[in-house]
Each structure stands twice: as structure tokens, then as C-alpha cells.
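Reading the structure
Here is how the chains run, residue by residue.
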Amino acid sequence: MEALGVVRDIAIVLLAIESLVVGVLLAILLGQLRALIRMLREEVEPLLDSAGDTARRVQGTVGLVTDTVVTPLVRVSSAVAGVREAINALIYFKRRKSPSADKPNESGAL
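Please read all numbers here as calculations on a predicted model, not as lab measurements.

1. Notes on the overall build of the protein chain
- When you go through the protein chain residue by residue, the secondary structure sums to two helices and zero strands.
- When burial is assessed residue by residue, the protein chain has 1% of its 110 residues classed as buried.
- Accessible surface, the protein chain as shown: approximately 10100 Å² in total, 67% of it carbon and sulfur.

See below:
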């Protein structure tokens, strides 16, 4: 029975040492986590703010280009398309009302 008591005592000591090592490693882990959080606040947050500012500038630039280039271009393109269709319609009606188009050829065919 004496051997069993020695094994038990050694197991208790080993478990105590293991608990101490786990506790120290956990404290180191918490310190590293705190350092990571501090780094994220100090370095990553300004980068995200800068990216947000850039996105707002791009949005303003897109609005400016839309107002000064795209909208007038669309209006001119629409006007040209409307004039083209009006001319095509006039030409079509002119051809239909033409007297030579309604008369048969000399061969008698239409």
C-alpha cells in the first residue's frame, strides 16, 4: 500500500505543476489578447476611417461625373435618336404617299 501512496503523491504534485503551467500560459494568452486589441484600436481603426473617407470621395466624384458628363450625353443621345426616328417616319410616309409607288409598271405588275 505504501507504493500506492507514493504514486498518489507524485500524481498530485504533477497535477499541481501542470495547473501552474496552465495558469501562466493563460495569463500570457490574456496579455497577448490585450496587446492585439490595443493594436487593432490604434492601427486598424484609422485605416478603416481612411477607407471610409476614400469611399465618400469616390461617391462625390461619381456624382460629379454623372451630373457633368453622363446626364448631358444621355440627353443629346436621346434627342439624336428622336430626330433620327422622326426623319425615318417622314421618309416612310413620303414613300407611301408617292404617286409612282401606287401605279403599276408598264408590264402590269405592282
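Now that the structure has been shown, the text picks up again.
2. Observations regarding the pattern of salt bridges
- Within this structure, the stated rule accounts for two salt bridges.
- One salt bridge connects Arg 8 with Asp 9, and the closest N-O pair in it is separated by 3.4 Å.
- Classification of Arg 8 by relative accessible area gives exposed; the value is 52%.
- Arg 56 is the salt-bridge partner of Asp 53, the closest N and O atoms lying 2.4 Å from each other. In this pair, Asp 53 and Arg 56 are both assigned in helix 1 (residues 2-97), three residues apart and thus about one turn of the helix distant.
- Overall, the relative accessible area of 53% leaves Arg 56 in the exposed class.

3. So, a nonpolar patch on the surface
- A cluster of nonpolar side chains, contributed by Leu 26, Leu 29, Leu 30, Leu 33, Leu 36, Ile 37, Met 39, Leu 40, Val 44 and Leu 48, occupies part of the molecular surface with about 880 Å² of accessible area.
- For Met 39, a relative accessible area of 35% puts it in the partly exposed group.

Criteria and cut-off values
Residues numbered from 1 in each chain as written. Predicted model: local features only at pLDDT ≥ 70, side-chain atom pairs only at ≥ 80, totals over all residues. Heavy atoms only, no water. Helix = DSSP H or I, 4+ residues; strand = E, 2+ residues; numbered from the N terminus. Buried < 20%, exposed > 50% of the residue type's maximum accessible area, 1.4 Å probe, protein only. Areas by Shrake-Rupley, 256 points an atom, 1.4 Å probe, with all protein chains shown as cover. Salt bridge = Lys/Arg side-chain N within 4 Å of Asp/Glu carboxyl O. Patch = residues over 30% accessible without salt bridge, like charges linked within 9 Å, V, L, I, M, F, W, Y side chains within 5 Å.

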